[in-house]
Structures are given as structure tokens and as C-alpha cells.
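# Results of the structural survey
Below are the chains, spelled out letter by letter.
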Amino acid sequence: MILHSILNGIGETPIVRLSRLFRNSPCEVLAKLEMLNPGGSVKDRPARYIIERGLADGTIQPDSHIVESSSGNLAIALAMACRIHGLRFTAVVDPKISPINLKIIRCYGGDIELVTEKDSQNGYLETRIERVKHLLREQPDAVWINQYANKRNWQSHYHGEGEEILKSLDGPVDYLVLGVSTSGTVHGISRRLREAWPDLKVVAVDAVGSVLFGTPPYPRELPGIGASRVPELLQRGEIDQAIHIDDYESAVACRELVKHEGIFAGGSSGSVIAAIQRLSSQAPRGARILTVLPDRGERYLDSVYDDEWLSRMKDRHLDRTSHLLGQIA
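Structure report, in brief. Computed from a prediction, not measured in an experiment: that's the story for all the values here. (Residues numbered from 1 in each chain as written. Predicted model: local features only at pLDDT ≥ 70, side-chain atom pairs only at ≥ 80, totals over all residues. Heavy atoms only, no water.)

### Thoughts on the packing of aromatic side chains
Throughout the structure, instances matching the rule amount to two aromatic pairs. Both rings, one in Trp154 and one in Tyr158, keep their centres 6.1 Å apart while their planes meet at 85°; by these two values the pair is edge-to-face. With a gap of four residues between them, Trp154 and Tyr158 both fall in helix 5 (residues 151-168), about one helical turn apart. When the ring of Phe264 is compared with that of Tyr305, the centres are 4.7 Å apart and the planes differ by 55°; the resulting orientation is tilted. Of this pair, Phe264 sits in the loop between helix 7 (247-261) and helix 8 (267-280) while Tyr305 sits in the loop between strand 10 (288-293) and helix 9 (307-328); the two residues are 41 residues apart in sequence, bridging distant segments of the chain. On the basis of relative accessible area, Tyr305 is assigned to the buried category, the value being 18%. Across from the ring centre of Trp154, 4.6 Å away, lies the NZ or CZ of Arg191, which sits over that ring. (Phe/Tyr/Trp six-rings, centres within 6.5 Å; stacked < 30°, edge-to-face > 60°. Helix = DSSP H or I, 4+ residues; strand = E, 2+ residues; numbered from the N terminus. Buried < 20%, exposed > 50% of the residue type's maximum accessible area, 1.4 Å probe, protein only. Lys NZ or Arg CZ within 6 Å of the ring centre and 35° of its normal.)

### Focus: empty space enclosed by the protein
Inspection of every chain in the model, using the stated rule, returns one cavity of 30 Å³ or more. In this structure, the largest cavity is lined by Val208, Tyr218, Pro219, Arg220, Asp246, Asp247, Tyr248, Met313, Arg316, His317 and Arg320. Among the elements of the structure, helix 7 and helix 9 are those that each provide at least two residues to the lining of the largest cavity. Looking at the lining of the largest cavity element by element, the count peaks at four residues for helix 9. A breakdown of the residues in the lining of the largest cavity according to their chemical character gives five nonpolar, one polar and five charged. (1 Å grid on protein atoms, 1.4 Å probe; cavity = no way out; pocket = protein on both sides within 12 Å on 5 of 7 lines; lining within 4 Å. Points joined across faces, edges and corners; volume = space filled by probe spheres on them. Nonpolar A, V, L, I, M, F, W, Y, C, P; charged D, E, K, R; others polar.)

### Quick look at the layout of surface pockets
Taken as a whole, the largest pocket holds about 730 Å³ of empty space. What lines the largest pocket is a set of 47 residues, among which Ser71, Leu222, Pro223, Gly224 and Ile225 lie closest to the centre. Listed by contribution, the elements that provide at least two residues to the lining of the largest pocket are helix 2 (73-85), helix 3 (99-107), helix 4 (125-138), strand 7 (175-179) and helix 6 (184-196). Here the lining of the largest pocket gets three residues from one element, more than from any other, and that element is helix 6. Its residues placed into classes, the lining of the largest pocket shows 19 nonpolar, 19 polar and nine charged.

### Considering the pattern of salt bridges
Throughout the structure, instances matching the rule amount to 23 salt bridges. With a shortest N-O distance of 3.2 Å, Glu249 and Arg278 are connected by a salt bridge. Of this pair, Glu249 sits in helix 7 while Arg278 sits in helix 8, and the two are 29 residues apart along the sequence. The shortest N-O distance in the salt bridge between Arg255 and Asp307 comes to 2.9 Å. Here Asp307 lies in helix 9 and Arg255 lies in helix 7, a separation of 52 residues in the sequence. Accessibility expressed as a relative area gives 56% for Asp307, which makes it exposed. Bridged by salt links that share partners, the residues Lys32, Glu34, Arg45, Glu161 and Glu164 form one connected network. (Salt bridge = Lys/Arg side-chain N within 4 Å of Asp/Glu carboxyl O.)

### Details of the sheet that holds strand 10
One open sheet accounts for six strands, arranged 1-2-10-7-8-9; its pairing is mixed. The strands lining the two open edges of the sheet, one partner per strand, are strand 1 (15-17) and strand 9 (241-245). In this sheet, neighbouring strand axes are inclined to one another by 25° on average, regardless of whether the strands run parallel or antiparallel. In this structure, strand 7 lies alongside strand 10, joined through three bridges in parallel fashion. If you follow Leu176 over to strand 10, its bridge partner there is Leu290. In the packing of helix 6 onto the sheet, contacts are made with strand 7, strand 8 (201-207) and strand 10, and the angle to strand 7 comes to roughly 165°. (Pairing = 2+ DSSP bridges. Axes fitted to C-alpha atoms, helices over the stretch in contact; angles between N-to-C directions. Contact = heavy atoms within 4.5 Å.)

### With respect to the sheet that holds strand 4 (residues 88-93)
Strand order across the open sheet formed by four strands is 5-4-3-6, with parallel pairing between neighbours. Of all the strands in the sheet, just strand 5 (111-114) and strand 6 (142-144) have a single pairing partner and so form its edges. Across the sheet, the mean angle separating the axes of adjacent strands is 25° when strand polarity is ignored. Examined bridge by bridge, strand 3 (residues 65-69) and strand 6 share three bridges and lie parallel to one another. In the sheet register, Ile66 faces strand 6, and the bridge partner there is Val143. Taken strand by strand, helix 2 contacts strand 3 and strand 4, and its axis lies near 175° from that of strand 4.

Okay, here's the thing in C-alpha cells:
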């Protein structure tokens, strides 16, 4: 197969049965490896879809300056897509982005706008969006992708992973377990699968400290999951259950995933694995659980796979657990 560009290599990622990690589980656990997209993450799909649809309908012009607030993966994917289409790109990021991601964005030719002031929820999302709006006022050729409200975000997953899963599997799954941030991935995939499998249960995995499902803000470090602001795309009524996982639990599950399955994945992959470990102990015997592993582990060498970082997250996890137990007592 000869592709027209690297963007044509996005999609058709494999599904792997996690039979080693969940060998003692009464459930079958399947994972779609979105980390194998050419840009390294599930965000390749909305980046390509939004840019190419925009160029086709004229909302993006050949000389547009693409701007987006991103914690890393979408910025990388947009930088890649903009490089192919000859568009200028600026990523608005915050201090939680890894140095590796910053280097990748710059290698693709992307510009960086770094915000350092925290917002009202003790995160950076609101601050990043304010910086985006400032750029839009300053530069008339700027186009904001706005992954938090852009319907093409969820549509890319509806037509992407949703279609591919239906083609790949021989029958329905009982649970779809996905990490949430903008909510584009969870809504896109679940809407397509529920058309074929109406009894599907959708489980959102959120970060401890995220406000997406009404829980209070709390310090968190892993990017790509959770948010300090509820995105316009999120429809809580379409989600059956939310499970909250903290940074330490995510990192431990990442390490178990690479130990047992040889899958070297990023932080939000650990979040969904930890959630499935919790869910599978309560699910009916024989239940079929499907998840998506969004990105690669190389981008987390200075966090998830760093022992000193893990020790700090363990201390935070134990402090929080002790505080919650104290409240119950």
C-alpha cells in the first residue's frame, strides 16, 4: 500500500484482547490501540477531520493561522496536519505539557504560547482559552479549532473508531470504558456503537480533581484526561457511569499494562485500565468490555515511568485517601 501522505495512515488501528493483564477476570477486555496512529495518539483523528473538512467548506482558508488550546496530543496532531496542508499553527499550552511534547510540536513547525496563570478551578483550561481569544482578536486570519465545542470533534470518532469497531468485532460489547476530557471521543464512539448495540453501557473515566461530573477540583498532573471546565460537547445524560481515577492509580496501571501485555502506553491509558479493574470486579461474569488506549508511553517518561514522580503521586494518593476516610469517620 502506498499512501498519498502520512495523514492517510490515520485509523484502522488494531484491537487487542488483554488476556494476560485480566487473566483472572470474569470479563473479556478489549483495547483499541489508538497510540499506533502516525502522530502517536487518538487526537490524529479529529485533527485531520477538522482541518480537511474546514478546507473543503471554506471555514479554513489556505492562508489561515490555526490556533488551539491543547495539553499536548491534539497540538501534536494539528501540527502534523498543518505541516502537510501548509498552514501556520500555534498551540496554547500550560506547564503540565511535557518537554517532549513541546519539542515534537516545534519539530513539526508549530508555534507555542505558554500560559502560566491558573484559572478559577486551579487548572489552566480557562486561562488557555482566554489566550486563544486574545490571539483571535489580534490576528484576523486566525481560526480556532475549539475542540471543546466543535461537533467535528465527536464526528471524527463516530466515523473513525466507531465504524472500525463495528467492522472488527463479531458481536456487541457490554461496556464501553473511555477517558474523558473534551468528551469528543466518548460521544463519537458511543453514539455510533449504540446505533448497533442499544444496550451498551457507557462508562466515562475522569481524573480525580476534574470538574466534569460535579466533583471538586483537586491537584492533578497527568494531561489528556479530565478538565477544569465543563466542555460544551459533554452530554452527561448519554453516560451511564463515571469512575474517577487519580494520577497514582493511572501510573500503576500503566506499569502493569506494559509488564503483562507489552503495551507501552500513556497516562490516560492507565486511567482506563484502572477503571476497568474496578468495574470488572462488579460486572456480570462473561461481560465484554471495550476501551481505547489513546497514546504512547514515550511522552510520559518523565512522569508515569519516573520512580521519583510516582513516589510523589503515591504520597498525594495516600494523603487524599486518609482525608476521605477521616471524613467518613
